[in-house]
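# Structural features, examined
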Number of protein chains: 4
Amino acid sequence: MSGAEIDNPSAAAMYETDAAIHHLGIEIVSVDEGSATVAMTVTDTMVNGYAVCHGGLVFTLADTAMAYASNSLGSRALAASASIEFLRPAYADQRIIATATSPHVGQRTSYWDVAVTNPNGDTVAIFRGRTKVFDG
Amino acid sequence: MSGAEIDNPSAAAMYETDAAIHHLGIEIVSVDEGSATVAMTVTDTMVNGYAVCHGGLVFTLADTAMAYASNSLGSRALAASASIEFLRPAYADQRIIATATSPHVGQRTSYWDVAVTNPNGDTVAIFRGRTKVFDG
Amino acid sequence: MSGAEIDNPSAAAMYETDAAIHHLGIEIVSVDEGSATVAMTVTDTMVNGYAVCHGGLVFTLADTAMAYASNSLGSRALAASASIEFLRPAYADQRIIATATSPHVGQRTSYWDVAVTNPNGDTVAIFRGRTKVFDG
Amino acid sequence: MSGAEIDNPSAAAMYETDAAIHHLGIEIVSVDEGSATVAMTVTDTMVNGYAVCHGGLVFTLADTAMAYASNSLGSRALAASASIEFLRPAYADQRIIATATSPHVGQRTSYWDVAVTNPNGDTVAIFRGRTKVFDG
């Protein structure tokens, strides 16, 4: 999906200049007001010494889902904190998907739950994060 | 630093086949039994739409410090969970450093505290994670 | 509700000897397989020096919801870790309610999301925890 | 220790009206600028259906250590979030001790690490929390 095809204007604007997710090959699957789904295919350069996807890159996918969900609300927001539970490894060539929804949206601080799943529908990780709106 | 120069044999073995950290340009600064320091220079392909380093990549650096510290103990271990607090952004061209130490090493489960700092010595993020030894 | 009225047999058995929740006045509102709702009225002895309910007791209510939800599945389980975000204070005389559901139930390790709400339906806290089955 | 004996004036003032910790029998062992140690003897009314101290009350002790450490700095602060890892149970009649120190003190937001230990010096739990200064 190119940025032009993202329905949500805030998310589309952010996507245009988001070098990191382009470089990682993260796709924006969908962005609605207050939720987002993103996907990434695990490449050979993403695996660690145990032949599983680096946990940091699984986190990065979840964090990206949160970023697009939080920015879909119209204000600019950045991650303030997050926690992740790794339930099973992801492997090279798997396309993993992360979906973010919110248990609580506040004026400036919002919370996001993200589930990362593999092509079998098994949960790879669960993530909970907090974003803060910033000005300027 | 090449893998051959890492004093700790478990960490050196892991480093040889760790494609992810080579691809991200993460250097192993030092590995001692139960601690590790790693570093990464934020490149133009690591910044997001707000011109700051993607939080997922800051997490990835911290997670890598934990991985090398936990594997320095001689058993193979993987991250089971982690949480991170983002204190200030990291920017392109900054070399950020992550050091992992442990508040509690157990037989199979250990905990790790990681601080990520920028070239000014300011804290970029604090991270706490849990690793589990695995067999095979 | 007395223990005898709790439909779920594992939860009813646990309730009989659970001195802590009796002492705190925590009520078991409902326990179904894989979920539980509990409630507590904030008393004058639960408030701190700022006249709000001690955050530890809000956590205790959430943790109790997790305990009854996880033990409803038939195996004995204990909390292994948890995190909480405090969204707004709870005050003396408020009856606060915590409901636990699971984003992932595993063989031995399960995860639980708990929301704590006040009588206006506002969220006091969100909590995520991990339980482990134990033997003996 | 009575409130009058607490050297730190902010902590002493808070202690006077802190009904919750008096009711739970939590003692303030020491408060220095930016750190605090508190203790609690696990009573028969603090154990759950598995004859171990309710994890919520272990959290409450850790949270109290954070509260006194954060308020020792002169500004009024409340807990905003916290996470805890339960390493081993605490039992009735054990006096458990929690010590809070800070990996990062900010203008309004600070972070605190708390270790809870039993009389053998074994770690019962490790805790990390975040406090925010409030006005009025």
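Residues numbered from 1 in each chain as written. Chains lettered and ligands numbered in written order. Predicted model: local features only at pLDDT ≥ 70, side-chain atom pairs only at ≥ 80, totals over all residues.

The subject of this paragraph is the overall build of chain A. Per the secondary structure count, chain A includes three helices and six strands. In chain A, the succession of helices and strands from N to C terminus is α-α-β-β-α-β-β-β-β. Taken over the C-alpha atoms alone, chain A extends approximately 40 × 30 × 25 Å along its principal axes. Sequence-distant contacts in chain A: of pairs separated by 6 or more residues, those separated by 24 or more amount to 65%. (Helix = DSSP H or I, 4+ residues; strand = E, 2+ residues; numbered from the N terminus. Contact = placed C-beta atoms within 7 Å.)

With that settled, the discussion passes to the interface of chain A and chain B. Contact residues are listed per partner, giving 32 residues for chain A and 32 residues for chain B. If you list the elements that add at least two residues to the side of chain A that touches chain B, you get helix H1 (9-16), helix H2 (19-24), helix H3 (55-71) and strand E3 (77-86) of chain A. Among the elements that take part in the side of chain A that touches chain B, E3(A) stands out by supplying nine residues, more than any other. In the side of chain A that touches chain B, the residues fall into 15 nonpolar, 12 polar and five charged. Bridge count between E3(A) and strand E3 (residues 77-86) of chain B: five bridges; the pairing is antiparallel. The residue bridging Ser83(A) from the neighbouring strand is Ser83(B), located in E3(B). (Nonpolar A, V, L, I, M, F, W, Y, C, P; charged D, E, K, R; others polar. Pairing = 2+ DSSP bridges.)

Moving on to the interface of chain C and chain D. Taken together, the contacts link 32 residues of chain C with 32 residues of chain D. With nine residues, the single largest contributor to the side of chain C that touches chain D is strand E3 (residues 77-86) of chain C. Residues that form the side of chain C that touches chain D fall into these classes: 15 nonpolar, 12 polar and five charged.

Moving on, we come to the environment of Ile6(A). Looking at where Ile6(A) falls in the secondary structure, it is placed in the segment before H1. Distance from Ile6(A) to Glu85(A), taken between C-alpha atoms, is 29 Å for residues 79 residues apart in sequence.

Once turned by 180° and shifted 0.0 Å along the axis, chain C lies on chain D with an RMSD of 0.0 Å. What we have between these two chains is a two-fold relation. Minimal C-alpha distance to the rotation axis in chain C is attained by Ser83(C), lying at 1.9 Å. (Least-squares fit on C-alpha atoms with pLDDT ≥ 70 in both.)

Time to look at the sheet that holds strand E4 (residues 95-105) of chain A. Strand order in the open sheet formed by 12 strands is E1(A)-E2(A)-E4(A)-E5(A)-E6(A)-E3(A)-E3(B)-E6(B)-E5(B)-E4(B)-E2(B)-E1(B), with antiparallel pairing between adjacent strands. Of all strands in the sheet, those with a lone pairing partner are strand E1 (27-32) of chain A together with strand E1 (27-32) of chain B, marking the two edges. Across the sheet, the mean angle separating the axes of adjacent strands is 20° when strand polarity is ignored. (Axes fitted to C-alpha atoms, helices over the stretch in contact; angles between N-to-C directions.)

This part is about the nonpolar core. Within the largest apolar cluster, 190 residues are counted, with the highest numbers of intra-cluster contacts made by Ala62(A), Ala62(B), Ala62(C) and Ala62(D). Setting aside residues up to four positions removed in sequence, Ala62(B) forms contacts with Ile84(B), Ala98(B), Val114(B), Val116(B), Ala125(B) and Phe127(B). (Core = buried A, V, L, I, M, F, W, Y, C linked by C-beta atoms within 7 Å. Buried ≥ 20, exposed ≤ 12 C-beta atoms within 10 Å, placed from the backbone.)

Copies of the same chain, two in number, are related to each other by a rotation about an axis and a translation along it. The operation relating chain A to chain B is a screw motion whose rotation component is 180°, with 0.0 Å of axial translation and a residual RMSD of 0.0 Å. The share of interface residues of chain A whose copies in chain B are also at the interface is 100%, consistent with both copies meeting through the same surface.

The subject of this paragraph is the pairing of E4(A). Residues and elements named next belong to chain A. Sheet analysis places strand E2 (residues 35-41) next to E4, joined by six bridges and oriented antiparallel. The residue of E4 that forms the bridge with Thr37 is Thr99. From the end of E4 to the start of strand E5 (residues 109-117), which pair antiparallel, there are three residues.

Moving on to helix H3 (residues 55-71) of chain D. When the terminal C-alpha atoms of H3(D) are compared, their 24 Å separation across 17 residues agrees well with the 24 Å that a helix rising 1.5 Å per residue should span. The element H3(D) is extensively covered by neighbouring structure, given that 17 of its 17 residues are classed as buried. (Expected span 1.5 Å × (residues − 1).)

Glancing now at the sheet that holds strand E5 (residues 109-117) of chain D. With respect to topology, 12 strands assemble into an open sheet ordered E1(C)-E2(C)-E4(C)-E5(C)-E6(C)-E3(C)-E3(D)-E6(D)-E5(D)-E4(D)-E2(D)-E1(D), the strand pairing being antiparallel. Two strands bound the open sheet, and with one partner strand each, they are strand E1 (27-32) of chain C together with strand E1 (27-32) of chain D. Ignoring which end each strand starts from, the neighbouring axes of this sheet average 20° apart. Pairing of strand E4 (residues 95-105) of chain C with strand E5 (residues 109-117) of chain C involves seven bridges; the strand directions are antiparallel. Looking at the pairing, Thr99(C) lines up with Ala115(C) of E5(C).

Attention now moves to the environment of Ile97(A). Residue and element names in this part refer to chain A. When you line up the elements, Ile97 lands in strand E4. By the C-beta count within 10 Å, which is 20 here, Ile97 ends up buried. Counting along the chain gives 46 residues from Ile97 to Ala51, while the straight-line C-alpha distance between them is 19 Å. When residues no more than four places from it in sequence are discounted, the contact partners of Ile97 are Val29, Thr37, Ala39 and Thr117.

Note: predicted coordinates in regions of low pLDDT should not be interpreted at a detailed level. With 96% of its residues at a pLDDT of at least 70, chain A reaches an overall mean of 94. Predicted as a complex, the structure gets a pTM of 0.95 and an ipTM equal to 0.95. (pLDDT = per-residue confidence, 0-100.)

The next subject is the packing of H3(A) against helix H3 (residues 55-71) of chain B. With their axes 8 Å apart at the nearest point, H3(A) and H3(B) run at an angle of 155° to one another. Between H3(A) and H3(B), the crossing angle belongs to the class labelled roughly antiparallel. H3(B) is crossed by H3(A), and the crossing has right-handed handedness. Along the contact surface, H3(A) presents Gly55(A), Gly56(A), Leu57(A), Phe59(A), Thr60(A), Asp63(A) and Thr64(A), while H3(B) presents Gly55(B), Gly56(B), Leu57(B), Phe59(B), Thr60(B), Asp63(B) and Thr64(B). Of the residues that constitute the contact of H3(A) with H3(B), the class distribution is four nonpolar, eight polar and two charged. (Parallel < 35°, antiparallel > 145°, perpendicular 65-115°, else oblique. Left-handed = near helix turned anticlockwise from the far one by under 90°.)

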